[in-house]
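Next come the chains, spelled out residue by residue.
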Amino acid sequence: MPSFDVVSEANIVEVKNAIDQSNKEITTRFDFKGSDARIEQKEFELTAYADADFQLSQVRDVLNNKLAKRNVDLRFLDLGKIEKIGGDKVKQVIKIKNGIETDAAKKIVRLVKDSKMKVQASIQGDAVRITGAKRDDLQAAMAALRKDVPELPLEFNNFRD
C-alpha cells in the first residue's frame, strides 16, 4: 500500500552553516565592535549572547535572516527567556524543535480521520505515517495537512508507492 511519513525536522547542517555565517557577520558589523555578541550551538540548542537587550534582538535578526536564506523554517525556533549574566550582558536560549510532539501528532491523526478521505494515519514515534489505497488520496492528504496545520513546519518524506 502507498504511504508516506509526516515529519517536522530542521536541517541541522543548514542551521550550523547559518550560525557560522551569523557569527562571521556579527564580528564584522560596526555596531557590534568591541562587544561579546555571538551564537553558540549544542545539538538542538542555540544560545545567543550580547551586551544588551537591543543587541540581543539584533543578533536574533541576523540569525533569522541567515536561516531564512538557507531555507530553514523559523517555526523550528522556540525562543526562551532572556537571562542576565553578570553586568549588562544577556543571553537567550533558543531550542530547535525536532519531531512532532504527541499533541500535534494526535491533531494530525484527528484531521485525517475527520477529512473522510480514504487514508489511515498512525503515530510512529515522532512522525505520523499515512497510508492509503491510491496515490491521489495521499496527495490530497498532503494538501489538506499543509492547509490545516500552518503552525508546524511539516515535511513529507519516505513516500512509498
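Preceding this section is the structure that the text describes.
So, here's what we can say about the structure. Counting starts from 1 at the beginning of each chain's written sequence and moves along it residue by residue. Residues qualify for local features only when their pLDDT is at least 70, as the model is predicted, and side-chain atom pairs are given and counted only at 80 or more; totals for whole chains, interfaces and linings, by contrast, use all residues. Each side-chain value is derived from all of the structure's non-hydrogen atoms; neither hydrogens nor water enter the calculation.

### Observations regarding the environment of Leu46
This is how the line gets drawn: Where helices and strands are cited, they refer to DSSP runs of H or I of at least four residues and of E of at least two residues respectively, numbered from the N terminus. Relative accessibility decides the category of a residue: with a 1.4 Å probe and only protein chains considered, values under 20% of the type maximum give buried, values over 50% give exposed, and everything between is partly exposed. Any pair of residues with heavy atoms lying within 4.5 Å of one another is described as a contacting pair.
Inspection of the secondary structure assignment puts Leu46 in strand β3 (residues 45-50). Owing to a relative accessible area of 0%, Leu46 belongs among the buried residues under this scheme. Residues Leu46 and Lys95, 49 residues apart in the sequence, show an inter-C-alpha distance of 6.1 Å. Non-local contacts of Leu46, meaning those with residues more than four positions away in its chain, are made with Val15, Ile19, Ile39, Glu40, Gln41, Leu63, Leu77, Gln92, Val93, Ile94 and Ile96.

### A look at the pairing of strand β5 (residues 90-96)
Heads up, the rule is: At least two bridges found by DSSP between two strands is the condition for calling them paired.
With respect to burial, β5 is a largely interior element, 5 of its 7 residues being buried. Bridge count between β3 and β5: 6 bridges; the pairing is antiparallel. What sits directly across from Thr47, in β5, is Val93. In this sheet, β5 lies alongside strand β4 (residues 77-84) in antiparallel orientation, the contact comprising 6 bridges. In the sheet register, Leu79 faces β5, and the bridge partner there is Ile94. As consecutive antiparallel partners, β4 and β5 are separated by 5 residues, and within that stretch Gly86 has a phi angle of approximately 65 degrees, a positive value.

### Remarks on the sheet that holds β4
Where we set the bar: Note on definitions: angles span 0 to 180 degrees between N-to-C directions of axes, and those axes are lines fitted to C-alpha atoms, for helices only across the stretch in contact.
One open sheet accounts for 4 strands, arranged β2-β3-β5-β4; its pairing is antiparallel. Strands with a single pairing partner mark the edges of an open sheet, and in this sheet they are β2 (38-42) and β4. For this sheet, the mean inter-axis angle between neighbouring strands, taken without regard to orientation, is 20 degrees. Of the strands in this sheet, β2, β3 and β5 touch helix α1 (residues 12-28), which is tilted by about 155 degrees from β2. Its contacts with the sheet place helix α2 (residues 53-69) against β2, β3, β4 and β5, and it is angled at close to 135 degrees to β3.

### Details of the sheet that holds strand β6 (residues 119-124)
The sheet built from 4 strands is open, its strands ordered β6-β7-β1-β8 with antiparallel pairing. Each edge of the open sheet is held by one strand with a lone partner, namely β6 and β8 (155-160). If you compare each strand with its neighbour and ignore which way they point, the axes differ by 25 degrees on average. Two strands pair when backbone bridges link them, and strand β1 (residues 3-7) and β8 are joined in this way by 4 bridges, in the antiparallel orientation.

### Observations concerning the nonpolar core
Using the following cut-off: The term nonpolar core refers to a set of buried residues drawn from Ala, Val, Leu, Ile, Met, Phe, Trp, Tyr and Cys, joined through side-chain atoms within 4.5 Å.
The biggest cluster of nonpolar side chains holds 22 residues, and the ones touching the most others in it are Val15, Ile39, Leu46 and Val59. Contributions of two or more residues to this core are made by α1, β3, α2 and β5. Ranked by residues supplied to this core, first place goes to α2 with 5 residues.

### Details of the environment of Gln55
Position of Gln55 among the secondary structure elements: in helix α2. Relative accessible area serves as the criterion here: at 14%, Gln55 is assigned to the buried category. When the C-alpha positions of Gln55 and Asp36 are compared, they lie 10.0 Å apart, and in sequence the two are 19 residues distant. With sequence-adjacent residues up to four places away left out, Gln55 is seen in contact with Asp31, Phe32, Ser35 and Ala50.

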